[in-house]
Structures are given as C-alpha cells and as structure tokens.
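Architecture at a glance
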Number of protein chains: 2
Amino acid sequence: MDIIDNAVISQHLSHVRIVMVNTTLPANIGSALRAMKTMGLSKLVLVAPKTYPHPDIDALAAGATDLIDQIEIVETLEQAIKDCHLVFGTSARSRTIPWPLLDARPASQKSMQAVIKDQQEIAIVFGREDRGLTNEELALANYHVTIPVNTDYGVLNVAQAIQVLCYEMRMATLELVEKQVDTQAVMQVTDTDHMHWDEPLVTHEQMEQFYPHFEQMLAEIEFLDPKNPRLLPLRLRRLFGRIQLDKMEYHLLRGIFSRVQALNNGTWKKSQNEDQN
Amino acid sequence: MDIIDNAVISQHLSHVRIVMVNTTLPANIGSALRAMKTMGLSKLVLVAPKTYPHPDIDALAAGATDLIDQIEIVETLEQAIKDCHLVFGTSARSRTIPWPLLDARPASQKSMQAVIKDQQEIAIVFGREDRGLTNEELALANYHVTIPVNTDYGVLNVAQAIQVLCYEMRMATLELVEKQVDTQAVMQVTDTDHMHWDEPLVTHEQMEQFYPHFEQMLAEIEFLDPKNPRLLPLRLRRLFGRIQLDKMEYHLLRGIFSRVQALNNGTWKKSQNEDQN
C-alpha cells in the first residue's frame with residue numbers, strides 16, 4: 001500500500017463531492033470538512049446553508065482551510081448536482097418512497113469504479129440535521145445510501161455519516177488502485193499483505209531447517225525423546241507454522257537453540273564468555 | 001440483512017471492549033459512547049481518565065446512558081486487558097517499534113472471527129488526545145491497528161478513530177453472521193486463523209508471566225543482558241504476541257524454559273533423569 005501515491009488517491013476522490021442541504025449548525029460543516037480532508041476528499045457544496053460563513057466552521061475545520069476556499073454555495077439541490085453522473089441520497093432505512101438502496105460500502109465501491117473507469121462525477125447528498133432529505137430531494141438521486149447501524153438506538157448524526165462515507169470512499173479507492181498496481185506487478189494477495197514488516201519473512205525452506213534444529217536441541221536436553229517424540233514435533237510445527245517468522249526472529253530463535261546446545265555440551269560456560277548475544 | 005437479529009449482532013459485539021487511556025476531554029468519552037452505541041458495542045474501559053465523571057460525557061452520549069452505567073474505570077492498561085485474548089493498539093503508521101500492523105478492516109474481521117468462532121475477548125486500545133499510546137503500552141498489544149488516511153493532512157482524532165473502528169467491527173460482524181446464515185453455520189476453513197483449537201487460548205495475564213520467564217531464562221544463559229537488553233524483550237513480545245498460544249503450547253514452552261534453567265544451574269543433569277517430557 002505504501003507504494004501508492006497519495007496524490008493519485010486524492011485525484012480520484014476529487015470527483016466525489018459532498019453535498020449538504022440546508023445545514024443549520026456551522027460546526028457540522030466544519031466537521032464535514034475535516035472528515036473530508038482526512039480521507040482525501042476536497043469538494044463540498046452547500047445548498048442554502050442556514051448560517052454561512054461562521055467562525056465555528058473554521059474552528060472545526062482546523063487545517064482544512066484550503067477546502068473552505070473551494071466551498072461552493074448554491075440555492076437548490078439541482079444546481080449542486082447538475083454536472084454529476086451518479087447521485088446518492090443518504091437516507092435512513094425505512095422511507096415512504098421505494099428506491100434502489102445500497103449500503104455505504106457497495107455504494108462507495110460503485111462510485112469509485114465509475115470515477116476510475118469512466119471519469120464520472122459523483123455526489124453524495126446529506127440532508128438537514130433534524131429531518132434529512134425530503135422525498136422530492138431523494139427522488140433526484142440515482143440511489144439511496146444507508147449506513148448499517150444498531151436499529152435499536154438510532155441513526156448517526158450528519159457529521160458522523162459524512163465521516164463514515166468519506167472513509168468508505170477512500171477505502172474503495174485504495175482497493176481499486178491497489179488492484180491496478182497488483183495486476184501490473186502480478187503480486188500475491190494473501191492475508192499477510194495487510195501486515196507491514198521491516199524484515200522479510202522466512203521461506204518454507206528455511207523453516208525446514210528450523211524445526212530439525214529445535215528438535216535436535218530438545219533431544220540434547222532430553223526434553224524430547226527421539227525414539228518416542230509423541231506429538232511434540234507436530235505441536236512445534238503447528239505453533240511456529242502459524243506465526244510466520246521474519247528473518248530477524250528466525251536467527252534470534254536459532255541463536256537461542258545454539259546457546260542451549262553449547263551450554264549442554266560444555267562448549268559454552270556461564271560467565272566465561274565476554275561477547276554475549 | 002434484514003433477517004439478522006440486531007440482538008445477535010450486539011451479543012457478538014459485547015466481546016469487544018474499547019479502552020481509552022488517559023483521556024483528557026470528557027467530550028471524547030461521550031462521543032465514544034455514542035459511536036459505540038450506534039454500532040452496537042457496549043463495553044468501555046477507561047484507564048486513569050483525567051476528568052471523570054463530567055456532564056459533557058452525558059451530554060455527548062445522548063441516549064447511551066446505559067453504556068455510561070457499564071463503564072469500567074481502572075488504573076493501568078494491564079488491568080484493562082488482563083482477561084483479553086487479542087489486544088489491538090491504535091497507532092499512526094510510522095512508529096519507532098516495529099510491530100505487526102493491520103488496517104482497521106482486516107483487524108475487525110480478525111477480531112470478529114475470533115469472537116464468533118472461539119468466544120475470544122477483544123480489546124481495542126486508544127491513546128491520549130495529544131500523543132497517543134506510549135511505546136510501552138503499544139508493546140502490550142498483539143497487533144497494531146491503523147486507519148488509512150490522507151497522509152498529507154494528518155490523523156483522525158480519537159473520537160473519529162473510535163467511530164471508524166466501531167463501524168468496521170459492526171460491518172465485520174454483519175458479514176460473518178450473514179455468511180453463517182447463508183451456509184447454515186458451516187464455514188470455510190481457509191487459513192490457520194480459522195482453525196478450531198482443541199485447547200483454549202491463553203489470556204493476556206498468562207502471557208505476562210510467560211515473557212518474564214523467557215527473559216529470565218535468557219538472562220541466566222547470558223543470551224540477554226538484563227542491564228542492556230536492547231530490543232530483545234520487545235522482539236519476543238512482537239513474535240509471541242501475534243501467535244496467540246494455546247494452553248498446551250504455553251505449558252510446553254515454559255517447560256522448555258524450566259529445563260534450560262535447571263540445566264544451567266545444575267539442578268538437572270543430562271541422562272540422569274528417568275522421566276523425560
């Protein structure tokens with residue numbers, strides 16, 4: 001993931017605009033800007049905001065002042081989305097108008113595919129703090145999008161919903177861009193790809209030297225009976241097989257085995273060596 | 001997705017605790033509770049909070065008062081996680097100590113698999129508002145977890161990070177439960193993480209006896225210099241922290257340490273004992 005240029009991600013995300021309709025609290029606009037900037041989005045359109053400008057916006061958008069300068073203010077939702085190809089209206093699950101409904105994750109994946117493959121412009125529309133979007137506004141969307149929450153409790157507020165959607169947009173972009181990079185580099189995709197190591201992992205071949213060394217040492221200190229090893233070798237393989245040692249760890253453990261062997265056969269004695277470890 | 005019982009999701013998520021260390025702003029505790037409740041989590045542990053209780057907590061946790069009643073306050077991080085099997089420390093990407101690092105999504109998937117299949121207890125640990133977790137605290141974790149953000153801008157604040165992780169925990173749970181519903185609880189075994197163990201896994205508290213024993217043994221055979229241990233103790237924690245030992249393996253390894261100690265101090269001698277292993 002580190003090979004992916006941050007600027008490339010932000011470039012893709014510049015095609016996704018956040019649209020806030022009739023927002024009452026300036027703090028929510030500030031929080032939205034911060035959430036956007038953190039995830040790499042840059043375009044905010046305000047439809048007839050109740051209070052704008054306001055110092056709370058700047059306070060909560062700390063460090064995202066470049067996004068404040070780019071805010072676009074319009075009078076109607078139609079103006080905000082007129083050049084968009086794909087419009088999502090955010091909505092709680094149950095609505096009076098039936099509409100194709102996507103969860104935040106597939107909605108974000110669909111959006112970023114449309115951006116990366118077809119250079120489409122995307123809008124995610126968020127409603128008023130108290131009553132969301134009207135049915136007329138929701139009918140302007142191609143899809144409705146919802147965030148799966150604990151239905152016993154209630155919905156996210158607008159700032160939290162923007163946070164989650166911006167996060168999903170970034171994750172969808174990373175996934176798609178990684179897939180492109182992977183296809184070019186023909187890289188393996190496994191669970192370990194999510195981990196970041198400073199040392200390379202050892203190979204299967206190296207581990208095949210590790211287990212005999214471990215068992216040999218255990219035999220020498222008579223912890224393991226080579227004639228009747230029972231399940232011990234298998235247990236060691238199960239244990240270290242799931243750990244995936246890196247090279248440093250591998251040499252560290254083999255160094256410990258060698259020390260124990262030397263101690264046992266008398267070639268190393270306590271407090272006689274100067275150079276330890 | 002609508003066929004899934006919300007109570008089942010919350011039941012699984014009750015095994016995931018959010019741990020906040022030395023939190024300064026009560027508003028962040030309130031926001032955390034709200035984020036948790038929205039996503040179905042219920043257990044918050046505060047390690048030595050700077051200000052508690054405080055009316056801002058109640059104000060921001062609007063409607064999540066049942067979670068306030070369940071808050072646990074402890075003095076140290078160790079107390080907060082002692083009965084946990086899998087501990088995640090939240091961290092920005094670049095750190096002085098190298099550790100297995102997972103993004104929020106795979107970390108959440110790993111956690112909820114561990115909960116649903118093996119009834120493990122999970123902790124996600126969040127640090128101070130200004131400087132996160134110390135290296136000592138991070139070394140107590142099995143994994144570090146990070147949220148991929150726009151690196152040109154900066155990191156999420158603690159409330160936003162909790163929001164995203166709680167969301168990912170819910171999504172991971174929904175996915176796993178849906179899969180169970182789809183396949184009548186017969187799940188695919190793909191990698192070692194999915195294995196069912198015959199032995200219960202050891203807890204964090206037991207591992208806190210394992211490391212000192214290991215280090216003591218290494219000091220006795222002068223592989224480790226207690227006055228200048230360098231990175232060795234940290235490397236051992238990193239290595240065995242990601243392995244999740246079961247009880248059999250734990251006793252096996254401690255048995256080896258004891259044998260080496262006895263060999264070294266002369267209480268056990270080669271070929272004199274009848275009963276090995």
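Residues numbered from 1 in each chain as written. Chains lettered and ligands numbered in written order. Predicted model: local features only at pLDDT ≥ 70, side-chain atom pairs only at ≥ 80, totals over all residues. Heavy atoms only, no water.

A full pass over the atoms with the stated rule returns 17 aromatic pairs over all chains. With 5.8 Å between their ring centres and 70 degrees between their planes, A:Phe214 and A:Phe240 make a pair best called edge-to-face. Note that A:Phe214 is positioned in helix H9 (residues 204-220) and A:Phe240 in helix H10 (residues 232-241), a separation of 26 residues in sequence. The burial state of A:Phe214 is the same as that of A:Phe240; both residues are buried. Through pairs of rings, three or more aromatic residues link up here, namely A:Phe210, A:Tyr211, A:Phe214, A:Phe240, A:Tyr250, A:Phe257, B:Phe210, B:Tyr211, B:Phe214, B:Phe240, B:Tyr250 and B:Phe257. The side chain of A:Arg259 reaches across the aromatic face of A:Trp268, ending 4.5 Å from its centre. (Phe/Tyr/Trp six-rings, centres within 6.5 Å; stacked < 30°, edge-to-face > 60°. Helix = DSSP H or I, 4+ residues; strand = E, 2+ residues; numbered from the N terminus. Buried < 20%, exposed > 50% of the residue type's maximum accessible area, 1.4 Å probe, protein only. Lys NZ or Arg CZ within 6 Å of the ring centre and 35° of its normal.)

Next up on the list: the side chain of A:Asn22. Looking at where A:Asn22 falls in the secondary structure, it is placed in the loop between strand S1 (16-21) and helix H2 (26-39). Excluding anything up to four places from it in sequence, A:Asn22 contacts A:Val47, A:Ala48, A:Lys50, A:Arg128 and A:Glu129. (Contact = heavy atoms within 4.5 Å.)

Averaged over chain A, the pLDDT score is 86; the fraction of residues at 70 or greater is 88%. Throughout residues 185-196 of chain A the model reports pLDDT below 50, and contacts reaching past four residues in sequence, or to other chains, amount to 19 contacts. (pLDDT = per-residue confidence, 0-100.)

On the side of chain B, 81 residues touch chain A, which itself brings 75 residues to the contact. In this assembly, chain A packs against chain B so that about 7,300 Å² is buried in total across both faces, 56% of it on carbon and sulfur atoms. Across the contact surface, chain A and chain B share six salt bridges. The partner of A:Asp246 in a salt bridge is B:Arg238, and the shortest N-O contact between them spans 2.3 Å. If you look at where chain A meets chain B, you find 30 residue pairs in polar contact (both at pLDDT 80 or more). Looking at the side of chain A that touches chain B element by element, the count peaks at 10 residues for helix H11 (residues 247-265) of chain A. (Buried area = accessible area lost by both parts, 1.4 Å probe. Salt bridge = Lys/Arg side-chain N within 4 Å of Asp/Glu carboxyl O. Polar contact = N/O pair within 3.5 Å; in protein donor to acceptor, adjacent residues only side chain to side chain.)

Here we come to the packing of helix H9 (residues 204-220) of chain B against helix H10 (residues 232-241) of chain B. Residues and elements named next belong to chain B. Direction vectors running N to C along H9 and H10 enclose 135 degrees, while the axes themselves pass 11 Å from each other. Classified by the angle their axes make, H9 and H10 are oblique. As H9 packs across H10, the resulting crossing turns out to be right-handed. Contacts from Met 207, Glu 208, Phe 210, Tyr 211, Phe 214, Glu 215 and Leu 218 in H9 reach Leu 232, Pro 233, Leu 236, Arg 237, Phe 240 and Gly 241 in H10. Here the contact of H9 with H10 is built from residues that sort into nine nonpolar, one polar and three charged. (Axes fitted to C-alpha atoms, helices over the stretch in contact; angles between N-to-C directions. Parallel < 35°, antiparallel > 145°, perpendicular 65-115°, else oblique. Left-handed = near helix turned anticlockwise from the far one by under 90°. Nonpolar A, V, L, I, M, F, W, Y, C, P; charged D, E, K, R; others polar.)

With that out of the way, let us pick up the pattern of salt bridges. Where side chains of opposite charge bring their charged atoms close, a pairing between them can arise. If you walk through the whole model with that rule in mind, you get 18 salt bridges over all chains. A salt bridge links B:Glu168 to A:Arg105, with the nearest nitrogen and oxygen atoms 2.8 Å apart. Here B:Glu168 is found in helix H8 (residues 158-183), whereas its partner A:Arg105 is found in helix H6 (residues 104-118) on a different chain. The same class applies to B:Glu168 and to A:Arg105, which are both buried. Three or more residues are tied together by salt bridges with common partners; here these are A:Arg105, A:Glu168, A:Glu175, B:Arg105, B:Glu168 and B:Glu175.

This part covers the packing of H9(A) against H11(A). Residues and elements named next belong to chain A. The N-to-C vectors of H9 and H11 enclose an angle of 25 degrees; their axes lie 10 Å apart at closest approach. If you check the angle between H9 and H11, you find them roughly parallel. H11 is crossed by H9, and the crossing has left-handed handedness. Along its contact with H9, which presents Gln 206, Met 207, Gln 209, Phe 210, His 213, Phe 214, Gln 216, Met 217 and Glu 220, the element H11 presents Lys 247, Tyr 250, Leu 253, Arg 254, Phe 257, Ser 258, Val 260, Gln 261 and Asn 264. When the residues that make up the contact of H9 with H11 are grouped by side-chain class, the tally is eight nonpolar, seven polar and three charged.

Here we come to H11(A). Here H11(A) is 19 residues long and its end C-alpha atoms lie 27 Å apart, about the 27 Å a rise of 1.5 Å per residue gives. Of the surrounding elements, those touching the buried residues of H11(A) are H9 and H10 of chain A together with H9, H10 and helix H11 (247-265) of chain B. N-capping of H11(A) is provided by A:Asp246, with a side-chain oxygen placed 3.1 Å from the backbone N of A:Met248. A:Gly266 occupies a position one or two residues after H11(A) and carries a positive phi of about 85 degrees. (Expected span 1.5 Å × (residues − 1).)

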